[in-house]
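Structural overview for review
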Amino acid sequence: MSPSPTEPGQAPRGPDRTKIAYVLPTYNEGENVEAFYDVLAGAVAEREDLDFELIYIDDGSGDDSLARLRRLRAADPRVTIIAFSRNFGHQIAVTAGIDLAAQVGADAVIVMDTDLQDPPALSLRMIELWEQGVQVVYAQRHHRQDTVFKRTTAKAFYYLLDKVTEARIPRDVGDFRLMDRDVVAEVVKYREHSRFVRGIVANVGFRQEPLEFDRDARHAGRTHYSLGKMLRLASDGLFSFSTLPLQIANVLGVVVAAVSVLVGLFTVVAYAFDPLGLHPPGWALPAVGIFFLGGVQLLMIGMVGAYVGRTYLEVLDRPLYSVARLERGVPGAHDEDA
Ligand code: UDP
Ligand code: MG
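Just so you know, these numbers come straight off a predicted model, no measurement behind them.

Describing the confidence of the model for the protein chain
Scored by pLDDT, the protein chain comes out at a mean of 85, with 90% of its residues at no less than 70. Residue range residues 1-11 is modelled with pLDDT below 50. Its contacts to residues more than four positions away, or to other chains, number 7 contacts. Of the regions scoring below 50 in pLDDT, residues 334-338 engages in 3 contacts with residues more than four places distant in sequence or in other chains. Model confidence for the complex: the whole-complex pTM is 0.79, and ipTM, which rates the interface, is 0.97.

Observations regarding the site of ligand 1
For ligand 1, the set of nearby residues contains 16 residues, the closest of which are Pro25, Tyr27, Asp59, Thr223 and His224. Among the elements of the structure, β1 (19-26) and α3 (90-103) are those that each provide at least two residues to the shell around ligand 1. For the shell around ligand 1, the class distribution of residues is 4 nonpolar, 8 polar and 4 charged.

Some remarks on the nonpolar core
If you look at the biggest cluster of nonpolar residues, it comprises 48 residues, and the most contacted ones within it are Tyr22, Val23, Ile55, Val109, Ile110, Met179 and Val187. If near-sequence neighbours (up to four positions away) are discounted, valine 109 is found in contact with Ala21, Val23, Ile98, Ala101, Met179 and Val184.

Considering the UniProt feature "transmembrane region" (unreviewed entry) in the protein chain
The sites that UniProt annotates as "transmembrane region" (unreviewed entry) are residues 248-273 and 285-308. Segment residues 248-273 splits into 96% helix and 0% strand. End C-alpha atoms: 38 Å apart. Its end C-alpha atoms 34 Å apart, residues 285-308 is made of 100% helix and 0% strand.

Notes on the environment of valine 288
By secondary structure assignment, the location of valine 288 is in helix α10 (residues 284-316). Judged by C-beta crowding, with 20 C-beta atoms within 10 Å, valine 288 ranks as buried. For the pair valine 288 and glycine 97, spaced 191 residues apart in sequence, the C-alpha separation works out to 58 Å.

Topic: the packing of helix α5 (residues 148-164) against helix α8 (residues 227-240)
Between two packed helices, both the angle of their axes relative to each other and the distance between the axes serve to describe the pair. Remark: α5 packs on α8, axes separated minimally by 9 Å, with the N-to-C direction vectors making an angle of 15°. On the basis of their axis angle, the class for α5 and α8 is roughly parallel. As for how α5 packs across α8, the hand of that crossing is right-handed. Packed against α5, whose contacting residues are Phe157, Leu160, Leu161 and Val164, the element α8 presents Ala234, Gly237 and Leu238 at the interface.

Reading the values: the criteria
Residues numbered from 1 in each chain as written. Chains lettered and ligands numbered in written order. Predicted model: local features only at pLDDT ≥ 70, side-chain atom pairs only at ≥ 80, totals over all residues. pLDDT = per-residue confidence, 0-100. Contact = placed C-beta atoms within 7 Å. Near = placed C-beta within 6 Å. Helix = DSSP H or I, 4+ residues; strand = E, 2+ residues; numbered from the N terminus. Nonpolar A, V, L, I, M, F, W, Y, C, P; charged D, E, K, R; others polar. Core = buried A, V, L, I, M, F, W, Y, C linked by C-beta atoms within 7 Å. Buried ≥ 20, exposed ≤ 12 C-beta atoms within 10 Å, placed from the backbone. UniProt positions renumbered as here; feature names shortened; annotations may be inferred. Axes fitted to C-alpha atoms, helices over the stretch in contact; angles between N-to-C directions. Parallel < 35°, antiparallel > 145°, perpendicular 65-115°, else oblique. Left-handed = near helix turned anticlockwise from the far one by under 90°.

So this is what it looks like as structure tokens:
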């Protein structure tokens, strides 16, 4: 019953105002917390017509990140903190933030890193594009200040991902993006445990557009994506959006079996007639047999793989489709019959 909190001299906040939620995963960013907040708060100050909620997820930081976030919250009620009980990883932190943003009824959700690699000013341009009707605005790295190693491995990964997956997962794109509430409503239905959030968002569909930017270097500290974490993310992306690797055994099996049949025929001919004067050695036939059996075994493994792949997809239990809009009950139209 009590009116929503209104600060003096400001437009009233309320459910009828457009609400933008920022999802801000934070892990051991002690040196960046204030610097990032200042830049973000400065950027969103441009849009007094909008309500903002800054959902920080403290992903089990071992430093003073959480204490610093609490200090921010004491001074700014727009700051929300989800404190994890331990480090669950970037993708899970982002997921928790998106879940909460959906629950609090945000009209749009912006996911970004808190190390100032994703410039907060760009998120305001995302909001403008969203206001023009784009439902997902993803930041595409035009130029990135990462190490050569990170750039080349990322490039190879996105190339491979593009080759083997059905969903069009854009290249050079991280998790920095804006999502409309309709998109968020679909994304939160994906409850798989090994998560590749950018793949899920791509998979959901809707009107998605890139926004190019130059990715800066980290403000302070060093990357928390160790080689191990990067490989895990890459395999989550690859395996949760493709069962192609399981079919490799099949293809290999067919090739090996076919070649061994040909070589077998040739050996038999060589034994019987030896038209080329080869004098085939005694082990030729058993060798062919071994190859043939190897091929058959690979083929069978591939078949098991086909079932495992299907079981995997069923266990994921993803939504079968996402409805962009439901139009019904229009008076006078024959929609009623449907
Ligand atoms: N992060 C997180 N949990 C982790 C690792 C990273 O929440 O286990 C956060 C981190 O604080 C940052 C973002 O995820 O805001 C991206 O991490 P990082 O900058 O280390 O990755 P990079 O930019 O090097 O890919
Ligand atoms: Mg970073």
